[in-house]
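These are the residues of each chain, in order.
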Amino acid sequence: MIEKQGMLTSRIDQLSTAFRAGLACIALPLLLASCSPAGPGGLGDNEPPSDPGKPMHGGHLRVALEGETNNWLPGRGNHVAPAALTVAMALFDPLIRLDHEGRFQPYLAESLVPNESFDQWTLTLRPGVMFHDGTPLNAEAIKWNFDNLHKRQGSVTFGSIRDVERVEVLDELRVVYFLSKGIAPFPDMLTRAVGWPVSPTAVQRYGDEAGLYPVGTGPFQLVSWRRDDALELKRNERYWREGLPYLDAITFRPLPDEDARLASLISNDMDVIQTLRQHIVARLRGMSGIHLYEQIGNSSGSAIFNAQRPPVDDARVRQALAWSLDPEVLIEVLGGRGISPVQTQYFNENNVWYSPRAAAAWPQRDQAKARELLQQYMNDPQRSDGKAAGEAVSIELMCLPEQSLIDLAQMYQALWGAVGFEVRLRQVEQATQIQSAISGDYMVTCWRSSNEQDPYIIFSNDFGPVEGQPLNYTNFTHPVIQQNLEILQLAPDFETRYAAVEQVLLLLAEQVPNTWTGSTPAAVAANPRVRNIKDWTFPDGRMGDGMPVAQVSWAQVWMLDDAALAVERAAPEGDE
């Protein structure tokens, strides 16, 4: 566990007693992190065995992903899509990870210790860890990563760590992160790309092409990358966790077409596929001869608005667009009936941060209200789009060329058109979509919003200063958000933090920087010989957080060989 429990536990112990029984998601020793039940439900004979059996070494796993990634260097690549995150778990190791109770725990790091005011954090690395190229993971490497990949203008991660001023080396294995202000959820920053160390030697060797040749500490290392075709990895013989990984090799293939990806599993061209599409999950639930893993978290389908692009820079337009929508209709179009519950905010109904007040305030299913707001904007002589009063309001929706999303975009077009909007549709591939969102080259785009991070990290990233936070895709900021972020960064008790979260959620229901559809089902389907997709553990044996957004921990996945599979299939039912 993250150290300094004596100081922190006294401040939070009372929360554990009050909430553990009712919520089963208290995150100690530092804070309450987001957490959602992971039970799949309704899997029938697709359910993986409760005991995956004895791990086996060997095998070449083939994995089909929903998209390609533009660059594999942390700080330069857009590592936000599920496909990028799951590949990253093969190439890199996070310094900090979440356990099954939503607690931040050291993973690649040995410990992370705050001072009394939470503005200095001492990170201690595990001894003897090496990058794929033999470069040692030491304090100098951590500082080099911070200075050269993350704390530089233009870095994708720069905004995420804008409150971290510098990193100083204490000795061979220890660094101190100096923050401009105390932030109790700081460990969360080290669970994503900022906390994925890469070899300084390799980056300096490859220069501008370093993103083509990722060199991390992860369980697998690069053999070759043919963009839009295949990423070939082999076992990291230097891996710091003894006996891992089990597999000899992994091939990742981007197959953006959902039907093609499913067909690749059925035909045995691929051993594992990931999907976050409801209609594919529905089809997988009806299949036999596979193992299906599901996990629903906070991620939800959404449409996000560029608050700096007329006419959606005007709250009345965004509100009108939101009031036009019926999320159950959108979920139906996506094939998600019975799979995706309607979502109205950043947290699903089973999450500790969920707010019934924000749910009640969320605008939806009122076309009369939508028309009223649209008319107010249309008739405003000072309307932001520069058109004359009374002229039609035009919207452009960017989405992906996947059939279910084409259907979704057309339904948005129909619902918005029904209240008087003129709607153009624009199709782009996922990598282009992400880059367009980062650069602000869009008006409205279909998206996935929210994740399993702490509310402070989520809101700080999504609504941070536009000029310094590339992850603020909506370009929306507001004083109410900033005021409540100040509370969330240090408040130790759940009630205070919950009240701050609720104030942000109520503001978002009023200002509508994005809409919501339904909670995204993260699913991984695998050939039955593939085992342990979900139940990864920390070095000390504690259970991890599963496979949020279909992000698999590949170090602990194994494959049954032909003999073992034959023995299992010959065993009487129930004797697995």
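Our subject is the structure listed above.
Residues numbered from 1 in each chain as written. Predicted model: local features only at pLDDT ≥ 70, side-chain atom pairs only at ≥ 80, totals over all residues. Heavy atoms only, no water.

Undergrad: I'd like a rundown of the overall build of the protein, residues and numbers included.
TA: Counting secondary structure elements, the protein contains 16 helices and 18 strands. Taking the principal axes of the C-alpha coordinates as reference, the protein spans close to 70 × 55 × 50 Å. Looking at the protein as a whole, 62% of its 576 residues qualify as buried. Expressed as a percentage of contacts within the protein between residues at least 6 apart in sequence, the contacts between residues at least 24 apart total 72%. Surface exposure of the protein reaches about 21,000 Å², of which carbon and sulfur atoms provide 48%. Taking the average location of the 48 positive side-chain charges in the protein and that of its 71 negative ones, the two points are 2 Å from each other. (Helix = DSSP H or I, 4+ residues; strand = E, 2+ residues; numbered from the N terminus. Buried < 20%, exposed > 50% of the residue type's maximum accessible area, 1.4 Å probe, protein only. Contact = heavy atoms within 4.5 Å. Areas by Shrake-Rupley, 256 points an atom, 1.4 Å probe, with all protein chains shown as cover. Lys, Arg positive; Asp, Glu negative; His and termini not counted. Charge placed at Lys NZ, Arg CZ, Asp CG, Glu CD.)

Undergrad: Residue-level account of the pattern of salt bridges, with values.
TA: Think of it this way: side chains of opposite charge can pair up when their charged atoms draw near. Under the defined criterion, the tally for this structure stands at 31 salt bridges. Between Arg-424 and Glu-396 there is a salt bridge whose closest N-O contact spans 3.9 Å. In this pair, Arg-424 sits in strand E14 (residues 422-427) while Glu-396 sits in strand E13 (residues 394-399), placing the two residues 28 residues apart along the sequence. For Arg-424, a relative accessible area of 42% puts it in the partly exposed group. Ionic pairing is found between Asp-454 and Arg-497, a salt bridge with its closest N-O pair at 3.0 Å. Taken together, the residues Asp-454 in the loop between strand E15 (444-449) and helix H13 (455-462) and Arg-497 in helix H15 (residues 494-511) connect sequence positions 43 residues apart. The exposure class of Asp-454 is buried, given its relative accessible area of 0%. (Salt bridge = Lys/Arg side-chain N within 4 Å of Asp/Glu carboxyl O.)

Undergrad: Quick one: what's the story with the nonpolar core, residue by residue and with numbers?
TA: In summary, soluble globular proteins display a tendency toward joint burial of nonpolar side chains. Counting 104 residues, the largest nonpolar core has Tyr-177, Phe-421 and Phe-459 as its most contacted members. Of all the elements, H15 adds the most residues to this core, at 10 residues. Aside from chain neighbours lying at most four places away, what touches Phe-459 is Tyr-346, Phe-347, Gly-464, Leu-485, Leu-488, Val-501, Val-504, Leu-505 and Leu-508. With 44 residues, the next largest nonpolar core counts Leu-73, Ala-90, Leu-233 and Ala-526 among its residues. (Core = buried A, V, L, I, M, F, W, Y, C linked by side-chain atoms within 4.5 Å.)

Undergrad: If you had to explain the pairing of strand E16 (residues 519-526) to someone new, which residues and values would you point to?
TA: Most of E16 is tucked away: 8 of the 8 residues are buried. Of the two faces of E16, both are covered, the one formed by Ser-519, Pro-521, Ala-523 and Ala-525 as well as the one formed by Thr-520, Ala-522, Val-524 and Ala-526. The pairing of strand E11 (residues 272-275) with E16 spans 4 bridges and is classified as antiparallel. Across the sheet, Thr-275 pairs through a bridge with Ala-523, a residue of E16. As judged from the 7 bridges shared by strand E12 (residues 291-305) and E16, these two strands associate in the antiparallel manner. Note on E16: the bridge partner recorded for Ser-300 is Ser-519. (Pairing = 2+ DSSP bridges.)

Undergrad: Tell me about the environment of Ala-260, and name the residues and values.
TA: By the element assignment, Ala-260 lies in helix H5 (residues 258-266). With relative accessibility at 36%, the residue Ala-260 sits in the partly exposed group. Along the backbone, Ala-260 and Ala-64 are 196 residues apart, and their C-alpha atoms lie at a distance of 9.6 Å.

Undergrad: Report on the state of the cysteines, specifying residues and quantitative values.
TA: With the rule as written, the count across this model stands at 1 disulfide. One disulfide bridge connects Cys-399 with Cys-446, the sulfur atoms lying 2.0 Å from each other. Taking the torsion about the S-S bond as the criterion, the Cys-399 to Cys-446 disulfide, at about 115 degrees, is right-handed. One end of the pair, Cys-399, is in strand E13; the other, Cys-446, is in strand E15, with 47 residues separating them in the sequence. On the basis of relative accessible area, Cys-399 is assigned to the buried category, the value being 3%. (Disulfide = S-S within 2.5 Å.)

Undergrad: Give a description of helix H14 (residues 479-488) that names residues and reports values.
TA: Of the positions making up H14, those classed as buried are Ile-481, Asn-484, Leu-485 and Leu-488. In a view along the axis of H14, the buried residues occupy a sector of 115 degrees, so they form one face of it. Away from its buried face by more than 90 degrees, H14 exposes Pro-479 and Glu-486. In this fold, the buried residues of H14 make contact with H13 and H15. (Arc of directions from axis to C-beta.)

Undergrad: An account of the packing of aromatic side chains is needed here, citing residue identities and associated values.
TA: Under the counting rule described, the total for this entry stands at 23 aromatic pairs. Between Tyr-107 and Trp-240, the aromatic rings sit 5.4 Å apart at their centres with planes inclined by 80 degrees, giving edge-to-face as the arrangement. Remark: Trp-240 occurs in the loop between strand E9 (230-235) and strand E10 (249-254) and Tyr-107 occurs in the loop between strand E3 (104-106) and strand E4 (109-114); sequence separation between them is 133 residues. One exposure class covers both Tyr-107 and Trp-240, and it is buried. (Phe/Tyr/Trp six-rings, centres within 6.5 Å; stacked < 30°, edge-to-face > 60°.)

Undergrad: Residues and numbers for the packing of helix H7 (residues 315-323) against helix H10 (residues 367-378), please.
TA: At a closest axis distance of 8 Å, the pairing of H7 and H10 adopts a crossing angle of 160 degrees. One finds that H7 runs roughly antiparallel with respect to H10. Here H7 runs over H10; the crossing is left-handed. Each of Arg-316, Val-317, Gln-319, Ala-320 and Trp-323 in H7 lies in contact with H10, whose residues at this interface are Gln-367, Lys-369, Ala-370, Leu-373, Leu-374, Gln-376 and Tyr-377. Here the contact of H7 with H10 is composed, by residue class, of 7 nonpolar, 3 polar and 2 charged. (Axes fitted to C-alpha atoms, helices over the stretch in contact; angles between N-to-C directions. Parallel < 35°, antiparallel > 145°, perpendicular 65-115°, else oblique. Left-handed = near helix turned anticlockwise from the far one by under 90°. Nonpolar A, V, L, I, M, F, W, Y, C, P; charged D, E, K, R; others polar.)

Undergrad: An account of the sheet that holds strand E7 (residues 174-179) is needed here, citing residue identities and associated values.
TA: Spatially, 4 strands are ordered E4-E5-E7-E6 in an open sheet, and the strand pairing comes out antiparallel. In this open sheet, the two edge strands, each paired with only one partner strand, are E4 and strand E6 (164-171). Within this sheet the neighbouring strands show an average axis-to-axis angle of 20 degrees, counted without direction. Contacts between helix H3 (residues 139-150) and the sheet are confined to strand E5 (120-125), E6 and E7, with E6 contributing the most and set at about 165 degrees to the helix.

Undergrad: Run through empty space enclosed by the protein, naming residues and quoting values.
TA: A complete count under the given rule lists 11 cavities of 30 Å³ or more for this structure. Taken as a whole, the second largest cavity encloses approximately 250 Å³ of empty space. Forming the boundary of the second largest cavity are 18 residues, of which Thr-191, Arg-192, Asp-545, Pro-548 and Gln-551 lie nearest the centre. Sorting the residues of the lining of the second largest cavity by element identifies helix H2 (82-91) and strand E2 (96-98) as the ones contributing at least two each. The element best represented in the lining of the second largest cavity is E2, accounting for 3 residues. Its residues assigned to classes, the lining of the second largest cavity comprises 9 nonpolar, 4 polar and 5 charged. (1 Å grid on protein atoms, 1.4 Å probe; cavity = no way out; pocket = protein on both sides within 12 Å on 5 of 7 lines; lining within 4 Å. Points joined across faces, edges and corners; volume = space filled by probe spheres on them.)

Undergrad: Describe the pairing of E13, with residues and values.
TA: The element E13 is largely enclosed, with a buried count of 6 among its 6 residues. Here E13 shows two buried faces, one formed by Ser-394, Glu-396 and Met-398 and the other by Ile-395, Leu-397 and Cys-399. Bridge analysis of E13 against E14 gives 6 bridges, and the strand direction is parallel. Residue pairing across strands places Leu-397 opposite Leu-425, the latter belonging to E14. Crossover E13 to E14 through helix H11 (residues 403-418) is right-handed. (Right-handed = clockwise from strand over helix to strand, strands pointing away.)

These figures capture arrangement, not role.
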